[in-house]
Amino acid sequence: MFNKFIAAILPWFPKKFIWIFSRAYISGETIEDAMQVSRELNSKKIKVTLDVLGEFIKTLEEAELNKNEYLNLIETSYKNGIDGNFSVKPTSFGLLIDKEVCFNHIRDIVAKAAQYNGFIRIDMEDSPCTSDEIELFRRLKAEFPGNTGLVVQAYLRRTLKDLEEMLDLNSAKIPVSYRLCKGIYVEKETIAFKKYEEINTHFLEDLEFMFRNKIYVGIATHDKPLVDGAYKLIEKYQVPKEMYEFQMLYGVTPRLRDSIVNEGHTMRIYVPFGKQWFGYSTRRLKENPKMASHIIKAVFYKG
Ligand SMILES: Cc1cc2nc3c(=O)[nH]c(=O)nc-3n(C[C@H](O)[C@H](O)[C@H](O)COP(=O)(O)OP(=O)(O)OC[C@H]3O[C@@H](n4cnc5c(N)ncnc54)[C@H](O)[C@@H]3O)c2cc1C
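Residues numbered from 1 in each chain as written. Predicted model: local features only at pLDDT ≥ 70, side-chain atom pairs only at ≥ 80, totals over all residues. Heavy atoms only, no water.

*Asks:* Can you break down the overall build of the protein residue by residue, with the values?
*Replies:* When you go through the protein residue by residue, the secondary structure sums to twelve helices and eight strands. By the compact-globule yardstick of 19 Å for 303 residues, the protein fits well, its C-alpha radius of gyration being 19 Å. On the principal axes, the C-alpha backbone points of the protein span a range of 55 × 45 × 45 Å. Within the span of the protein, comprising 303 residues, buried residues form 51% of the whole. The contacts of the protein with a sequence gap of at least 6 include a subset with a gap of at least 24, amounting to 75%. When the accessible surface of the protein is split by element, carbon and sulfur atoms take 55% of a total near 15100 Å². (Helix = DSSP H or I, 4+ residues; strand = E, 2+ residues; numbered from the N terminus. Rg over C-alpha atoms; globule rule 2.2 N^0.38 Å. Buried < 20%, exposed > 50% of the residue type's maximum accessible area, 1.4 Å probe, protein only. Contact = heavy atoms within 4.5 Å. Areas by Shrake-Rupley, 256 points an atom, 1.4 Å probe, with all protein chains shown as cover.)

Structural data, given as structure tokens:
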């Protein structure tokens, strides 16, 4: 109750206060900060996916600025020899304002990454965006088959059907690439599973579908039972290492992360950075209100 209350009033807390918590989950404000964190993770044999934090945009000028930030990030990242790829949110490039402009911006980003044989992951946003983001992915995949992938959310009732419908995108030569996650937005029960058990059951069903169809998957979870479930499926289908990886958010469950790495599986960490860290942090805290008490402790118990 207390945690939920704190989480709800967080947006009105002073920024400095939120930063005490946030710095464990955000690499910093600048590209240099992101490079530093990426190098540290790479040195532990962990790959990264870099994300420029953004907030809701209202104009196409903002979309253009966001694109330029990504182009700069891609260039900097390759110059620094970072072992990683990039994650983008289509609404940051104008999906809800002008779909064609959005497509062209993300196309430019994928084209830039492709110059370095790199990869752009299209994050999945809330349900009004799902069909448009699938369509966007289809168009990009047609032009850049090995340089782009999509996220799918296990909590959506439609996901298994979407996966079936996208099977035409898969081939033995260039497997389609998904990140499978639970899904982070608040969705209606008519379209989304709500119970923990139900979401986990569908997560493993989606994962099994991917393994059966030899699809590449980034298994994005911090949930131990799901990690164990994934291990069982990897064993059952004898999935080769080059057909999957685990993924986690920066700073979340580092012990589980390290145990997965120590078992010899590929791990990729989602590394967000940017000036918009405040919005990201307050969302993460609302998602996991237990963390709110850690902030309070960090403030009152020095050292
Ligand atoms: C790499 C990556 C990319 C993602 N991309 C997307 C996306 O494109 N679209 C989308 O909708 N969602 C995305 N998500 C979020 C995802 O959908 C879930 O909301 C989130 O990962 C929590 O689900 P979980 O599987 O970790 O399980 P949960 O059952 O939520 O968590 C399991 C345990 O993990 C720990 N934990 C989980 N989250 C946190 C946290 N924020 N802080 C501290 N501890 C935590 C807790 O110990 C918790 O008990 C992504 C997640 C990851 C890891």
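There is more to say, and it comes next.
*Asks:* Account for the site of the ligand, with residues named and values stated.
*Replies:* Of all residues adjacent to the ligand, which total 24 residues, the nearest are Met124, Lys182, Gly183, Thr221 and His222. The contact in question runs from an oxygen atom of the ligand to an N or O atom on the side chain of Thr221, over 2.6 Å. Here the ligand, which alone exposes 930 Å², has 82% of that area covered by the protein. Looking at the shell around the ligand, the elements that each hand over two or more residues are strand S4 (148-153), strand S5 (177-181), strand S7 (244-249) and helix H11 (277-287). Ranked by residues supplied to the shell around the ligand, first place goes to S7 with three residues. Among the residues making up the shell around the ligand, the classes are represented as eleven nonpolar, seven polar and six charged. (Near = heavy atom within 4 Å. Polar contact = N/O pair within 3.5 Å; in protein donor to acceptor, adjacent residues only side chain to side chain. Nonpolar A, V, L, I, M, F, W, Y, C, P; charged D, E, K, R; others polar.)

*Asks:* Go over H11, please, and point to the residues and values.
*Replies:* Most of H11 is tucked away, with eight of its eleven residues classed as buried. Turning to H11, its buried residues are Trp277, Phe278, Gly279, Tyr280, Ser281, Thr282, Arg284 and Leu285.

*Asks:* Could you give me a rundown of empty space enclosed by the protein, with the residues and numbers involved?
*Replies:* Regions of empty space are outlined by a rolling probe, equal in size to a water molecule, passed over the atoms. Within this structure, the stated rule accounts for one cavity of 30 Å³ or more. Roughly 40 Å³ of internal volume is contained in the largest cavity. Along its surface, the largest cavity is lined by Met124, Thr130, Ile134, Val151, Val152, Gln153, Leu156, Thr159 and Asp162. Within the residue set of the lining of the largest cavity, elements represented by two or more residues are helix H6 (130-143), S4 and helix H7 (159-165). Element by element, the count of residues in the lining of the largest cavity is highest for S4, at three residues. Grouping the constituent residues of the lining of the largest cavity by class yields five nonpolar, three polar and one charged. (1 Å grid on protein atoms, 1.4 Å probe; cavity = no way out; pocket = protein on both sides within 12 Å on 5 of 7 lines; lining within 4 Å. Points joined across faces, edges and corners; volume = space filled by probe spheres on them.)

*Asks:* Talk me through the sheet that holds strand S2 (residues 84-88); I want residue IDs and the actual numbers.
*Replies:* If you trace the eight strands once around the closed barrel, you get S1-S2-S3-S4-S5-S6-S7-S8, paired in parallel fashion. Ignoring strand direction, the axes of neighbouring strands in this sheet form an average angle of 30°. Lying on the sheet, H6 is in contact with strand S3 (120-122), S4 and S5; it crosses S4 at an angle near 160°. (Pairing = 2+ DSSP bridges. Axes fitted to C-alpha atoms, helices over the stretch in contact; angles between N-to-C directions.)

*Asks:* Pulling in residues and values, what's your account of the nonpolar core?
*Replies:* Leu73, Tyr178, Phe211, Ile219 and Phe246 are the most contacted members of the largest nonpolar core, which has 70 residues in total. Ranked by residues supplied to this core, first place goes to helix H5 (residues 99-115) with six residues. Among residues more than four places away in sequence, those in contact with Leu73 are Ile31, Met35, Leu50, Val52, Phe86 and Phe273. Formed by 16 residues, the second largest nonpolar core is a distinct cluster that contains Phe13, Phe278, Tyr280 and Leu285. (Core = buried A, V, L, I, M, F, W, Y, C linked by side-chain atoms within 4.5 Å.)

*Asks:* Let's hear about the packing of helix H4 (residues 60-79) against H5: which residues, and what values?
*Replies:* Relative to each other, H4 and H5 sit at 10°, their axes nearing to 9 Å. Relative to H5, H4 is oriented roughly parallel. Contacts between H4 and H5 involve Leu60, Ala63, Glu64, Lys67, Tyr70, Leu71, Ile74 and Glu75 from the first element and Val101, His105, Asp108, Ile109, Lys112 and Ala113 from the second. Counted by class, the contact of H4 with H5 contains eight nonpolar, one polar and five charged residues. (Parallel < 35°, antiparallel > 145°, perpendicular 65-115°, else oblique.)

*Asks:* If you had to explain the packing of aromatic side chains to someone new, which residues and values would you point to?
*Replies:* Scanning the entire structure with this criterion turns up nine aromatic pairs. Centre to centre, the rings of Tyr78 and Tyr116 are 4.5 Å apart; their planes meet at 10°, and the pair counts as stacked. Placement of Tyr78 in helix H4 and of Tyr116 in the loop between H5 and S3 is noted, with a sequence separation of 38 residues between them. Judged by its relative accessible area of 21%, Tyr78 is partly exposed. Residue classification places Tyr116 among the partly exposed residues on the basis of a relative accessible area of 32%. Taking the centre distance of 5.8 Å and the plane angle of 85° together, the rings of Trp277 and Phe278 count as edge-to-face. The class of Trp277 is buried, set by a relative accessible area of 5%. Residue Phe278 is classed as buried on the basis of its relative accessible area of 17%. One aromatic cluster is present, formed by Phe211, Tyr231, Tyr244 and Phe246 through successive ring pairs. Cation over ring: Arg139 sits above Phe103, and NZ or CZ is 3.7 Å from the ring centre. (Phe/Tyr/Trp six-rings, centres within 6.5 Å; stacked < 30°, edge-to-face > 60°. Lys NZ or Arg CZ within 6 Å of the ring centre and 35° of its normal.)

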